[in-house]
Amino acid sequence: MSSSAEAPVAIKFDHVTKTYKLYENDRQRFFSIFSSRDKRKLITKVNASNDLSFEIKKGEAVAFLGHNGAGKSTALKMITGVTFPTKGEVIVNGTVSALLELTAGFDMALTGRENIHLRGHAMGLDADEIAALEPKVVEFADLGVYIDQPVRTYSSGMKSRLGFAFAVSSDPEILVVDEALSVGDKQFQQKCFARVREIMEDENVTVLFVTHSSSAAQEFCTRGIVLDKGTKKFDGSIQDAIAFYESHE
Ligand SMILES: Nc1ncnc2c1ncn2[C@@H]1O[C@H](COP(=O)(O)OP(=O)(O)OP(=O)(O)O)[C@@H](O)[C@H]1O
């Protein structure tokens, strides 16, 4: 991995805080948008990220370690642009592919093939790039005649296959992987695993890996960041990060 100090910065968190507000119920949450008067229904606030700062260089493979609720998913969601910081700044340099919520964003009325084009446009690819991408996604997803059927006719496993195929075929510069992800049947999972490994081994790709498993982290990553209650508790080599995480269980 090219993680030298001179490598360009792929991701920077600059004093990032993400605060979620918890209300008594969804009705109160809705009305809070219009009125700042009635604060009684606000139960509490949670800092899912709390003054988080770090830099990840291009080509690094970094594991985020931490217990349930430590803030790992929230950090990833700010990288993929699903959610935004309440305070501070998140800077992302490069195209991001996320193996997280694979089935989000499909148009159910369109076919699988049409959805490949839709997603390609949304990513800012031009017609030639989409034309080059389409056969790769179709081949990896391996959905047979269903690729030309509306996505609403797909099983949930088939939707995940299409989502995964798109995410790994588009040659991302930054790959965000949640190991909890399970896609399709056993055979397809093995194919996914092999492809993720291939991408991770490409030294130009920056990889962020969320896991509870020390062995998976050690296998794929050279650096580990340990989070607890939204705060960075440790940042260093993967061996030291695992040792820290395991001694604070
Ligand atoms: N949309 C939300 N509204 C309110 N609270 C939230 C929301 N999303 C996350 N949280 C809270 O933020 C904190 C961090 O959650 P997050 O999902 O980032 O943790 P995590 O480290 O990914 O956990 P896990 O290992 O269980 O997936 C938790 O206390 C969680 O309850």
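What counts and how
Residues numbered from 1 in each chain as written. Predicted model: local features only at pLDDT ≥ 70, side-chain atom pairs only at ≥ 80, totals over all residues. UniProt positions renumbered as here; feature names shortened; annotations may be inferred. Core = buried A, V, L, I, M, F, W, Y, C linked by C-beta atoms within 7 Å. Buried ≥ 20, exposed ≤ 12 C-beta atoms within 10 Å, placed from the backbone. Helix = DSSP H or I, 4+ residues; strand = E, 2+ residues; numbered from the N terminus. Domains from an automatic or database assignment. Contact = placed C-beta atoms within 7 Å. Nonpolar A, V, L, I, M, F, W, Y, C, P; charged D, E, K, R; others polar. Pairing = 2+ DSSP bridges. Axes fitted to C-alpha atoms, helices over the stretch in contact; angles between N-to-C directions. Near = placed C-beta within 6 Å.

Looking at an unreviewed UniProt entry, the chain carries the name ABC transporter ATP-binding protein, with the source organism given as Adlercreutzia hattorii. UniProt, in the comment section headed Sequence similarities (unreviewed entry), describes the chain in these words: "Belongs to the ABC transporter superfamily."

Undergrad: Explain the nonpolar core to me, using residue names and the numbers behind them.
TA: Ranked by size, the top nonpolar core spans 55 residues in total, and within it Val176 and Phe209 carry the most contacts. If one sorts the elements of this core by residue count, helix α5 (residues 156–169) sits on top with 7 residues.

Undergrad: Provide a residue-level description of unusual backbone geometry, including the pertinent values.
TA: Positive phi outside glycine occurs at His15, with the angle close to 50°. Among the structural elements, His15 can be located in strand β1 (residues 9–23). Given 13 C-beta atoms within 10 Å, His15 falls into the partly exposed group.

Undergrad: Can you tell me about the domain arrangement of the chain, naming the residues and giving the values?
TA: The domains assigned to the chain are domain 1 (1–94 + 173–249) and domain 2 (107–171). On the side of domain 2, 5 residues touch domain 1, which itself brings 8 residues to the contact. Across the side of domain 1 that touches domain 2, the residue classes tally to 5 nonpolar, 1 polar and 2 charged.

Undergrad: Please give an account of the sheet that holds strand β9 (residues 231–237) that cites residues and values.
TA: What the 6 strands build is an open sheet, ordered β5-β6-β7-β3-β8-β9; its pairing is mixed. Only two strands of the sheet have a single partner each, and these edge strands are β5 (96–99) and β9. Neighbour-to-neighbour, the strand axes of the sheet open up by a mean angle of 15°, direction not taken into account. Where strand β6 (residues 174–178) lies against strand β7 (residues 206–210), 5 bridges are found, and the strand directions are parallel. Residue Asp178 lies in a different strand from β7, and its bridge partner there is Val210. Strands in contact with helix α2 (residues 72–80) are β3 (61–65), β5, β6, β7 and β8 (223–228); relative to β7, the strand with the most contacts, it is inclined by about 150°.

Undergrad: Tell me about the site of the ligand, and please be specific about residues and values.
TA: The environment of the ligand is made up of Tyr20, Leu22, Val46, Ala48, Gly66, Asn68, Gly69, Ala70, Gly71, Lys72, Ser73 and Thr74. For the shell around the ligand, the elements supplying multiple residues, two or more each, are β1, β2 (42–57) and α2. Counting residues per element, the shell around the ligand draws most heavily on α2, at 3 residues. The class makeup of the residues in the shell around the ligand is 5 nonpolar, 6 polar and 1 charged.

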